[in-house]
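Fold and geometry: a report
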Amino acid sequence: MTKSCKIATKTLMLMVSAVGAMGMSATAQAYMFDDVTATRPYYQSSPSSSHGWRDRIGGKQFEVFGVDVARSSTSVVLSLFTNYELSKVTSYETRVADFAIDFDDDTDGYDHAIVLFDHGTGARMDPDQGPLNLGVGLYENVSWHTSQDIFGDSGSPYYTYGGRMRDCLDGLNGSPVGCGSPSTAERINTLIYDGDLVDGLTPLVTMTNLHPGEPLSSSTPKYRIDVTFNGSTAANMFNDGWEFAWGNATCGNDTIHGYVAAVPEPGSLTLLGAGLAILGVTRRRRRKAR
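Conventions and cut-offs
Residues numbered from 1 in each chain as written. Predicted model: local features only at pLDDT ≥ 70, side-chain atom pairs only at ≥ 80, totals over all residues. Heavy atoms only, no water. Helix = DSSP H or I, 4+ residues; strand = E, 2+ residues; numbered from the N terminus. Polar contact = N/O pair within 3.5 Å; in protein donor to acceptor, adjacent residues only side chain to side chain. Phe/Tyr/Trp six-rings, centres within 6.5 Å; stacked < 30°, edge-to-face > 60°. Buried < 20%, exposed > 50% of the residue type's maximum accessible area, 1.4 Å probe, protein only.

As for the side chain of E63
Structurally, E63 is set in the loop between β3 (46-47) and β4 (64-71). At a separation of 2.4 Å, a polar atom in the side chain of E63 contacts the side chain of R56.

Quick notes on the packing of aromatic side chains
Summed over the entire model, instances satisfying the criterion amount to 8 aromatic pairs. Ring geometry for F99 against F244: centres 5.4 Å apart, planes inclined by 15 degrees, an arrangement best described as stacked. Of the two residues, F99 is situated in strand β6 (residues 99-102) and F244 in strand β16 (residues 242-246); the sequence distance between them amounts to 145 residues. Per residue, the accessibility class of F99 equals that of F244, and both read buried. Look at F103 and W242: their rings are 6.1 Å apart centre to centre, the planes differ by 55 degrees, and that puts the pair in the tilted class. Here F103 is found in the loop between β6 and β7 (112-115), whereas its partner W242 is found in strand β16, with 139 residues between them in sequence. An aromatic cluster of at least three residues, connected via ring pairs, comprises F33, F99, F103, F229, F238, W242 and F244.

Below, the structure written as structure tokens:
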């Protein structure tokens, strides 16, 4: 092997390493998280004895499909694809759930929440805590109501809903398998009852109808809910890796959970650029040698 060929080979290896390093930290500025999180039906405060883990509890109006995350140096946009309308309040006082975020990557749970729709005075809450009117915004130091708190422990009506969530494996026909015991699974956070509003980071929350009429099926989302934060402060806050969970509605009938990777370090981009430059010089030298 000639010297120039050896240089080219080493350069290609350097480039592959750079691309691999970038891929480990983040693949692009837009991420798509499919709903692969399973939920377990609960009735009051106990798991349903006749049903196991499933993608969604209840009708197709509770379906959640996925989450997109698009980040730049001056903005962050979260796009939530769902069949549940942003402003919908059912006769059971079910409404859109708050979006849970863990920026700290610790064991304290989800320390931040995005209130997508004003809780209002009619939101069904744990009677021990009472209702708290919280408007749209990003909150920190939050305390959560779970779907079991809201629908399972006391009051009326009781009905089957999702009380626990777990990331499982895809089984036959998409049925979740390998989920384990519901008693050790994570309870689904749905509404915060306390927290501190983060000043200057109030998002714009909008909803787009993706097709007319009722939800068609569990394969075509009816709505896209966009949560937009503008400014470098928000962009920097969301640039590091973080975890999220969204119960879709306060009953937690369908939940999506995922981890957003950190934005790649500038050094990885520099390494790739250097590799491309060296490869270009090597090719020019080989042409001259001919």
